[in-house]
Amino acid sequence: MNKNTGQNGVFPLFKGVPLRRILVALFVLQIFLAVGLTAYLSIRNGQMAVNEVASELRYEVANRVEQNLQAYLSTPRQVLRGNQNIIDIGLLKMENLATWESYLIKQLEIFPDAVAFTASNEQQEHLGVEKLNDRQYLLRKADKSTGYDLYTYKIDSHGQRTQLPEVIKNYDARSRPSYQAAVTAKKFSFSQIFTSITEPTLLISASQPIYDSQGKLLGVNSTLTHVSQIGDLLQNIKVGKSGQVFIIERSGLLVASSTTEEPFRLQNGKPIRLAASQSGNAFTQASAKYLETKFSNFDQIQSLQQLDFSFNGKRQFLEIRPLQGEPNVNWLIVVAVPEADFMGQIDRNTQTTIFLCLGALGLAILLGIIAARWITQPILYFSTATKDLADFTKVQDLVAIQGIKEVEVLGESFNEMMQDLRKTFTAQITKNEELELQVKQQTQELQQEIQVHINSERKLEQHHRALAELTNHKAISEGNLETAFKVITEKAANALEVERVGVWLFNSERTKLQCINLYERSNQKHSAGVERDRADYPIYFKSLTSARIIAVTDTRTDLRIQELWDEQLEPKNIVSLINTSIWVGGEVVGTVLYEQIDIPRIWELSEQNFAHSIAEFVALSIEVCDRKNAESALREAQEAAEVANRAKKTFLVNMSHELRTPLSSMLEIAEALQNEVYGTVTAEQRQFLSTLESSGKNLLELINQILELTDIESSKIQLQLAATSIPELCDSSLSFVKNLALQKNIQLSVQIPEELEPIQVDERRIRQVFINLLSNAIKFTHDGGKVWIEVQPTSTNEYIFFSVVDTGIGMLSDDLFQLFQPFVQVENASTRRSTGTGLGLVMVQKIVELHGGTVHAESQLGKGSRFTVKLPWKKVREEEVRINY
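Residue positions are counted from 1 within each chain, in the order its sequence is given. In view of the model being predicted, local features appear only for residues whose pLDDT reaches at least 70, and side-chain atom pairs are presented and counted only at 80 or more, with totals across whole chains, interfaces and linings using the full set of residues. To obtain the side-chain values, all non-hydrogen atoms of the structure were included, while hydrogens and water were left out.

Moving on, we get to the layout of surface pockets. The pocket and cavity definitions rest on a 1 Å grid over protein atoms only: a 1.4 Å probe that fits but cannot leave marks a cavity, an open set with protein on both sides within 12 Å along at least five of seven lines marks a pocket, and residues lining either have an atom within 4 Å of a point. Grid points are joined across faces, edges and corners, and a volume is the space filled by probe spheres set on the points. Volume-wise, the largest pocket comes out at about 1,100 Å³. As for the largest pocket, its lining consists of 39 residues, of which Thr118, Tyr171, Arg176, Phe194 and Leu224 are closest to the centre. Residues that form the lining of the largest pocket fall into these classes: 19 nonpolar, 15 polar and 5 charged. For this classification, Asp, Glu, Lys and Arg are treated as charged, while Ala, Val, Leu, Ile, Met, Phe, Trp, Tyr, Cys and Pro are nonpolar and the rest, including Gly, are polar.

Right under this line is the structure:
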């Protein structure tokens, strides 16, 4: 096991460094880490202690502030609640406010924090008492005696009342915001902080609505206090050495501060509310701005938050909490304490710790140097002795080292090791010579294997390059067999490095193999025309069709090609060969033959795969050629069909012209004779003329239908697709056959679900379909029968079915397949009396198929028939399109 750890980990970093320095450095590093960790933990523990003390101080201060505020805000509640109790027992009445004057003055004396008390009732009476100083008050009164105008009086210490010139006409306290807010709240509530009109100060009022036992509103009792008194409470709370407490509203406006700063500023002699972030006190302003940055909206603060921030490069502790206990007083208490208030003694202790650590570090370095010299002195002597290990002649018999016990043991082990090395050195030299010989032999074998691998890679590269060139060759892709076979045989011979490559194909009777192309590599010559008969070589022919590849290393011993040896192989000195079958259309059509001369050859698997790929290229060329021939024949057939179609159309057009003209003349003459234009006619003559007219009209109808059918088959019909109402389509189709149905007393009807969406069809063509089907149904229905249309969409609404149903004569199911064949009519005893061209249902089928639909017929003899048209439905486009068929 390798125990030389000097080659691993961090030890290579100390390569070439004296042991004395390493020991001193490691010893000093340990001491430095221990001292540094101790100093770090001491400072960190001090910091944690500061954080804990600061947290407790902020919490206790905020608790005191909250308790004082709750006590301050509870006073108005208690006073107004006491007034409520006095009213409830009947000592005071809201209907007679004149008795309240002395009582309110007494309350101002009892509660010095209050600025004013007011009482207003539902009778538009108002009474208010405001403290000017300890001996003077202002009385504001509005009742029936004042004509409901508000009069203001000054009351001195003797109770004398002096009216002041200030009079407010038609004063109604019920319209005042404080009165309406109390009525709306229906319970005790505080108002928003507001500025005083008469003096530069901030005020807040508390109101209590008064109700009788039946819950009827009697009036409102209110009290008014100075907000500056809250600041006096905060100034009495000490927060460290330089900490501050201030209260803000959720809007960020300052309510009070523990500093002497007022929460407002004067503008044109009027007090204006001051935002905390605009405070004149730098610490208050910095704390408020930090809170605005931390909380984009103060409404997010729903619980106590302890934070810290930096101000003038120093850390500041901050606590903010919502005021609890008064739901409608939505204030935030902020306590801010500088870290410096706690860090004085801790900084001094930290400095002392650092000085002690530095002293300990210096002493440790001195002791480390002394210990390193004592340890390394004998090791240096031992190191000098070991340098001569490379040359045994320089090594002394004994190495004497004294000093440290462990080093002495190491010296003894060194002496024993030297004796063993002397014994093994000679044997090692001999063994090295043997190893050098083995390495030389293995190197030669490896070089041979590498050369074989290089040759294999070279052959594979030749194969891939040849296949790639064949893939891109134009003759193969165009099916030019003569050129393709020449290219394929040349590429195959050069890539496989064989003398001869030939393409042999079976004749049509598969009795012969014919050489289509044979390439000889030595003289670069192509030849063809040689044949081999199956009768002469039956075993060889059978081998070709039973195996895809025949790889022969020695042609003299392989039974599959023994028949070829005497006449084909030995005269040309062909000693090895490969046959690969050519498969086209699932059968063997020939073979590709590779022939090696002079030197026998073992065919590698990669060479056999390449030969198989060459056979596939030959098969591909044959298939492409066959396809080209088939395409050429198909084009010729299509051209002939088009010529025939044009000739048929020309013939039909000429025939229709030649037939229509005399037919029209004949019909006009028959009509004139029937109308006795040329004289009277007998009954027998009239019957003949009627038969002549009927036959002429049938013949004219037949000509028109033949021409229209020809247009459809020659793709001349253009569908005019448009959104068409299904009910209107059915109704208009029925109206066309209405007279025909009346003649036979046949009842017509339609069955359509309600609210069907339009369908996108050629309305004229589909109406023609329905008229043809309805005409046939009426024609083959007895007098008094029924014919109707049924409309039914599929469950997915993708298709819709139109069925024309009758109660007519019907037909056998075996005759249904003849219905849609041109010029064919199903005959029975009833249909023989009915005339027709046999093209109506053919036209129906063609028009429906043009729309992407189908026609289906069902019938029972003697019970009637049902013809169902299936059309695509909910695929309506947004605009009309023209589709050419």
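Next, the rest of the story.
Put simply, a nonpolar core is a bunch of buried Ala, Val, Leu, Ile, Met, Phe, Trp, Tyr and Cys residues held in one set by side-chain atoms that sit within 4.5 Å of each other. For each residue, the accessible area found with a 1.4 Å probe, counting protein chains only, is set against the maximum for its type, and the residue is called buried under 20%, exposed over 50%, and partly exposed in between. Judged by nonpolar contacts, the single largest core of 36 residues is most densely connected at Ile726 and Phe802. In this structure, Tyr519, Ala611, Val618 and Ala619 belong to the second largest nonpolar core, which totals 33 residues.

Here we take up the pairing of strand S28 (residues 786-793). Bridge count between strand S26 (residues 747-751) and S28: 5 bridges; the pairing is parallel. The partner of Gln747 across the bridge, within S28, is Lys786. Strand pairing follows a simple DSSP-based rule, namely that at least 2 bridges must link the two strands. Helix numbers and strand numbers start at the N terminus; a helix is a DSSP run of H or I with at least 4 residues, a strand a run of E with at least 2. Strand direction decides the pairing type here: S28 and strand S29 (residues 799-806), joined by 7 bridges, are antiparallel. The residue bridging Gln792 from the neighbouring strand is Phe801, located in S29. The antiparallel hairpin formed by S28 and S29 contains 5 residues in its connecting segment, where Asn797 sits at a positive phi of about 65°.

With 13 residues, helix H5 (residues 282-294) should reach 18 Å at 1.5 Å per residue; the first-to-last C-alpha distance of 18 Å fits that figure. Contacts from the buried residues of H5 go to strand S10 (244-249), strand S11 (254-257), strand S14 (305-311), strand S15 (314-322) and strand S16 (331-338). Among the residues of H5, the N-terminal cap falls to Asn281, whose side-chain oxygen and the backbone nitrogen of Phe283 are separated by 3.0 Å. Expected span, for any helix, means 1.5 Å times one less than how many residues it has. What makes two residues a contact is simply this: any of their non-hydrogen atoms within 4.5 Å. In protein, a polar contact requires one atom able to donate a hydrogen and another able to accept it; more generally it is a pair of N or O atoms within 3.5 Å, and residues adjacent in sequence count only if both atoms are side-chain atoms.

Note on strand geometry: in a regular strand, side chains alternate between the two faces of the sheet. Among the 6 residues in strand S3 (residues 137-142), 5 count as buried, and that is most of the element. With 6 bridges joining them, strand S2 (residues 126-131) and S3 adopt antiparallel strand pairing. Bridged to Val129 within S3 is Leu139. From the end of S2 to the start of S3, which pair antiparallel, there are 5 residues. In terms of strand pairing, S3 meets strand S4 (residues 150-155) through 5 bridges, oriented antiparallel. Counted as the bridge partner of Lys141 is Tyr151 from S4.

With that settled, the discussion passes to a negative patch on the surface. Patch building starts from residues that exceed 30% relative accessible area and form no salt bridge, then joins like charges within 9 Å and nonpolar side chains (Val, Leu, Ile, Met, Phe, Trp, Tyr) within 5 Å. Computed with the Shrake-Rupley method and a 1.4 Å probe, the accessible areas treat only the protein chains shown as cover for residues. By definition, a salt bridge exists where a carboxyl oxygen of Asp or Glu is found within 4 Å of a side-chain nitrogen of Lys or Arg. Counted as positive: Lys and Arg. Counted as negative: Asp and Glu, with His and the chain ends omitted from the count. A single reference atom marks each charge: NZ on Lys, CZ on Arg, CG on Asp, CD on Glu. Together, Asp536, Asp566, Glu567 and Glu570 give the surface a local cluster of negative charge. Turning to its location among the elements, Glu570 is positioned in the loop between helix H11 (562-569) and strand S22 (574-584).

One pass over the full model with this rule turns up 2 cavities of 30 Å³ or more. Reported here for the largest cavity is a volume of approximately 70 Å³. Lining the largest cavity, in full, are Tyr72, Thr75, Pro76, Val79, Phe111, Asp113, Ala114, Phe117, Thr223 and Thr225. At the level of elements, helix H1 (19-88), strand S1 (114-121) and strand S9 (217-226) are the ones that each hand at least two residues to the lining of the largest cavity. If you tally residues by element for the lining of the largest cavity, the top one is H1, at 4 residues. Partitioning the lining of the largest cavity into residue classes produces 6 nonpolar, 3 polar and 1 charged. Looking at the second largest cavity, its volume works out to about 30 Å³. Residue assignment for the lining of the second largest cavity shows that the elements contributing at least two residues are helix H7 (405-471) and helix H9 (481-496). The leading source of residues in the lining of the second largest cavity is H7, at 3 residues. Grouping the constituent residues of the lining of the second largest cavity by class yields 2 nonpolar, 2 polar and 4 charged.

What follows deals with the pattern of salt bridges. Going through the model one piece at a time under the given rule, you end up with 25 salt bridges. Across the salt bridge formed by Arg321 and Glu66, the nearest N and O atoms sit 2.9 Å from each other. Here Arg321 is found in strand S15, whereas its partner Glu66 is found in helix H1, with 255 residues between them in sequence. In this pair, the class of Arg321 matches that of Glu66, namely buried. Among the ionic contacts, a cluster of salt bridges with common partners joins Glu66, Glu319 and Arg321.

Before going further, it helps to examine the confidence of the model for the protein chain. Predicted coordinates in regions of low pLDDT should not be interpreted in detail. Across the chain, each position has a pLDDT score giving the predictor's confidence in that residue, from 0 to 100. Residues at a pLDDT of 70 or more form 83% of the protein chain, whose mean pLDDT is 81. Element-level mean pLDDT values for the protein chain span from 38 in strand S32 (residues 882-884) up to 94 in S29. Of the regions scoring below 50 in pLDDT, residues 876-885 engages in 23 contacts with residues more than four places distant in sequence or in other chains.

Relative to the helices and strands, Gln316 resides in strand S15. Of note is the side chain of Gln316, whose polar atom sits 3.3 Å from the backbone oxygen of Lys314.

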